[in-house]
Amino acid sequence: MSAISNFTACRRFENGAALTKDSPGLGLIHKKVNISRPFQKVSLVRSKRMFKGSNIRMTLVDERLSSGKVVVPSEVLAYELVQGAKVRWSYIMEGSLPEPPTAVLLHGILGSRKNWGSFARRLAQEFPKWQFLLVDLRCHGDSASLKKRGPHTVASAALDVLKLLGQLRLTPRVVVGHSFGGKVALSMVEQVAKPLARPVRVWVLDATPGEVRAGADGDDHPAELISFLSKLPEEVSSKRDIVEALILEGFSRDVAQWVVTNLRQTNPAGSSPSHLSWVFDLKGIAEMYQSYEDTNLWKIVEDVPRGVHVNFLKAERSLHRWALEDIRRIHVAEEQAVEEGGGVEMHVLEDAGHWVHADNPDGLFKILSFSFQGF
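Residues numbered from 1 in each chain as written. Predicted model: local features only at pLDDT ≥ 70, side-chain atom pairs only at ≥ 80, totals over all residues. Heavy atoms only, no water.

Peer 1: In this structure, what is going on with the nonpolar core? I would like to understand it.
Peer 2: Soluble globular proteins: nonpolar side chains tend toward being buried together. Judged by nonpolar contacts, the single largest core of 74 residues is most densely connected at Leu106, Leu110, Leu229 and Phe312. It is helix α4 (residues 154-168) that provides the largest number of residues to this core, a total of eight residues. There are two domains that each give this core at least three residues, and those are domain 1 (79-214 + 285-372) and domain 2 (222-280). Beyond its immediate chain neighbours, meaning those up to four positions away, phenylalanine 312 contacts Leu186, Val204, Ala207, Pro209, Val301, Trp322, Ile330, Val344, Glu345, Met346 and His347. Among the nonpolar cores identified, the runner-up in size contains 26 residues, and Phe132, Val174, Trp203 and Val356 belong to it. (Core = buried A, V, L, I, M, F, W, Y, C linked by side-chain atoms within 4.5 Å. Buried < 20%, exposed > 50% of the residue type's maximum accessible area, 1.4 Å probe, protein only. Helix = DSSP H or I, 4+ residues; strand = E, 2+ residues; numbered from the N terminus. Domains from an automatic or database assignment. Contact = heavy atoms within 4.5 Å.)

And the structure:
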């Protein structure tokens, strides 16, 4: 994979795969385009400036949100765009090139866009006409440095994603959300101001629309994990020490090793001792998780907007309890949606715990694949 980090170099690809703005006159700085075959991965990081321009019609949001200043996309959320080999599109060239089918992939609490990286590349390899938008939700990953205003809720996280889509001038055909991200996906549907112009498939992976039920004793509990992390120092010297501390506290090794992916080295590489700091805003994340427990989106499921098809996927060994009532209501919604021209479906991913894209990526790929066929 080659990386091009200046605008002059990127101009060579105007008729090819990717373009980015790196000229100070265009109001963006430090943009990086990584190009490879058979897919492309466009990484945009935070800009310190904003530019003025004419109002851009939001793709999925009430037009009132598009008034005023136009925000540089990377000021909304940190994101990556993984493009299939046959995609020839850039938001800079929007209007002159056809919009490719786009899918949005959303991570869960304490995760980041990197959770979806390898899975998105696999999708781009198999479906080369598609592009996949991976975001760091507010308070997570590289978006934590954007210092979003509260309240930090499912709804505000969803609105962030909608704003980013508006700035990129994209209308996704597929939205996939894992755990907390699943409720974010449903909230995106709830906040759309009008019926969608074309069918959109929403995937809610191992999350229910309403009450969040903790797993059995011995399972990893997110609220307890957040509480424990809040007691740790902001800067540490060893990932191994954190992993062992989490295991000693009763969390699984898998979760402990996943949590420390949120640590970044803050002193020069090779320095001794190393200094690692957390990239997330844990206070904001605690508020987001509380909102995840409190938010009820059954109304959207039981009265699916025209043009939307909602798919629920339950992990066979889920850490979160799926009550029989949850499953019953989803099946009732399936029947209701068929009668009204919408769509609700329930799926089960075998041989997988809550971390579906890590536990059984082949099974998940097979289930999701039909959403990307026909293009």
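Peer 1: What should I look at first to understand the environment of phenylalanine 365 in this one?
Peer 2: Mapped onto the secondary structure, phenylalanine 365 falls in helix α13 (residues 361-368). Leaving out residues up to four positions away in the same chain, phenylalanine 365 has contacts with Phe119, Arg122, Leu123, Glu126 and Phe127.

Peer 1: Would you explain the layout of surface pockets in this entry?
Peer 2: Over the atoms, a rolled probe matching the size of one water molecule traces out where space is still vacant. Each pocket or cavity is described by its volume, and for the second largest pocket that value is around 310 Å³. Lining the second largest pocket we find 16 residues, and of these Asn115, Trp258, Trp355, His357 and Ala358 sit closest to its centre. For the lining of the second largest pocket, the secondary structure elements donating two or more residues are α3 (117-126), α8 (253-259) and α12 (356-359). Shared between two domains, the lining of the second largest pocket takes at least three residues from each, and those domains are domain 1 (79-214 + 285-372) and domain 2 (222-280). (1 Å grid on protein atoms, 1.4 Å probe; cavity = no way out; pocket = protein on both sides within 12 Å on 5 of 7 lines; lining within 4 Å. Points joined across faces, edges and corners; volume = space filled by probe spheres on them.)

Peer 1: Before we go on, may I ask you to explain the sheet that holds strand β9 (residues 235-236) in this structure?
Peer 2: Neighbouring strands of a sheet are bound in pairs by backbone hydrogen bonds; such pairs are parallel or else antiparallel. With antiparallel pairing, the three strands of this open sheet are ordered in space as β9-β11-β10. Two strands in the sheet have a free side with no partner beyond their single neighbour: β9 and β10 (263-265). Pairing between β9 and strand β11 (residues 276-278): two bridges, direction antiparallel. Bridge pairing in β11 links valine 236 to leucine 276. (Pairing = 2+ DSSP bridges.)

Peer 1: Where do I start with the packing of α3 against α13 in this structure?
Peer 2: The angle between the axes and the distance between the axes are what describe a pair of packed helices. At a minimum axis distance of 12 Å, the contact between α3 and α13 shows a crossing angle of 45°. Considering the angle they form, α3 stands oblique to α13. The chirality of how α3 crosses α13 is right-handed. Of α13, the residues touching α3 (which contributes Phe119, Arg122, Leu123 and Glu126) are Pro361, Asp362, Leu364, Phe365 and Leu368. Residues of the contact of α3 with α13, tallied by class, amount to six nonpolar, no polar and three charged. (Axes fitted to C-alpha atoms, helices over the stretch in contact; angles between N-to-C directions. Parallel < 35°, antiparallel > 145°, perpendicular 65-115°, else oblique. Left-handed = near helix turned anticlockwise from the far one by under 90°. Nonpolar A, V, L, I, M, F, W, Y, C, P; charged D, E, K, R; others polar.)

Peer 1: Got a minute to help me understand the pattern of salt bridges in this structure?
Peer 2: Side chains that carry opposite charge are capable of pairing whenever their charged atoms lie near each other. Throughout the structure, instances matching the rule amount to ten salt bridges. In this structure, arginine 113 engages aspartate 136 in a salt bridge whose closest nitrogen and oxygen atoms are separated by 2.5 Å. Here the residue arginine 113 occupies a position in the loop between β5 (102-106) and α3, and aspartate 136 occupies one in the loop between β6 (131-135) and α4, the gap between them amounting to 23 residues. Between glutamate 302 and arginine 329 there is a salt bridge; the shortest N-O distance is 2.8 Å. In this pair, glutamate 302 is assigned in helix α10 (residues 298-302) and arginine 329 in helix α11 (residues 324-340), connecting sequence segments 27 residues apart. Under the relative-accessibility criterion, arginine 329 is labelled partly exposed at 24%. (Salt bridge = Lys/Arg side-chain N within 4 Å of Asp/Glu carboxyl O.)

Peer 1: I keep staring at the packing of aromatic side chains and nothing clicks. Help me out?
Peer 2: Using the criterion set out here, one finds 13 aromatic pairs in the structure. Between tryptophan 116 and phenylalanine 119, the aromatic rings sit 5.6 Å apart at their centres with planes inclined by 70°, giving edge-to-face as the arrangement. The exposure class of tryptophan 116 is buried, given its relative accessible area of 0%. The class for phenylalanine 119 is buried, based on a relative accessible area of 4%. An aromatic cluster is defined as three or more aromatic residues linked by ring pairs; in this entry it consists of Trp116, Phe119, Phe127, Trp130, Phe132, Phe365 and Phe372. Stacked on the ring of phenylalanine 365, the Lys or Arg arginine 122 has its end atom at 4.3 Å from the ring centre. Above the plane of the ring of tyrosine 292 lies lysine 183, whose end atom (NZ or CZ) is 5.0 Å from the centre. (Phe/Tyr/Trp six-rings, centres within 6.5 Å; stacked < 30°, edge-to-face > 60°. Lys NZ or Arg CZ within 6 Å of the ring centre and 35° of its normal.)

Peer 1: I'm lost on the pairing of strand β7 (residues 174-178) in this one. Help?
Peer 2: Judged by how many residues are buried, β7 sits mostly within the fold: five of five residues are covered. Burial along β7 is two-sided: the residues Val174, Val176 and His178 and Val175 and Gly177 are all buried. Where β5 meets β7, four bridges bridge the pair, whose relative direction is parallel. Bridged to valine 104 within β7 is valine 175.

Peer 1: What should I look at first to understand helix α9 (residues 282-294) in this one?
Peer 2: Since the α-helix packs 3.6 residues into each turn, any two residues three or four apart lie on the same face. Taking 1.5 Å of rise per residue, the 13 residues of α9 would be expected to cover 18 Å, and the 18 Å separating its terminal C-alpha atoms lies within 8% of that figure. Of the residues making up α9, those classed as buried are Leu282, Gly284, Ile285, Met288, Tyr289, Ser291 and Tyr292. For α9, the angular spread of the buried residues around the axis is 165°, confining them to a single face. Of the residues in α9, the exposed ones pointing more than 90 degrees away from the buried face are Lys283 and Asp294. For α9, the secondary structure elements touched by its buried residues are α4, α5 (180-191) and α6 (222-229). (Expected span 1.5 Å × (residues − 1). Arc of directions from axis to C-beta.)

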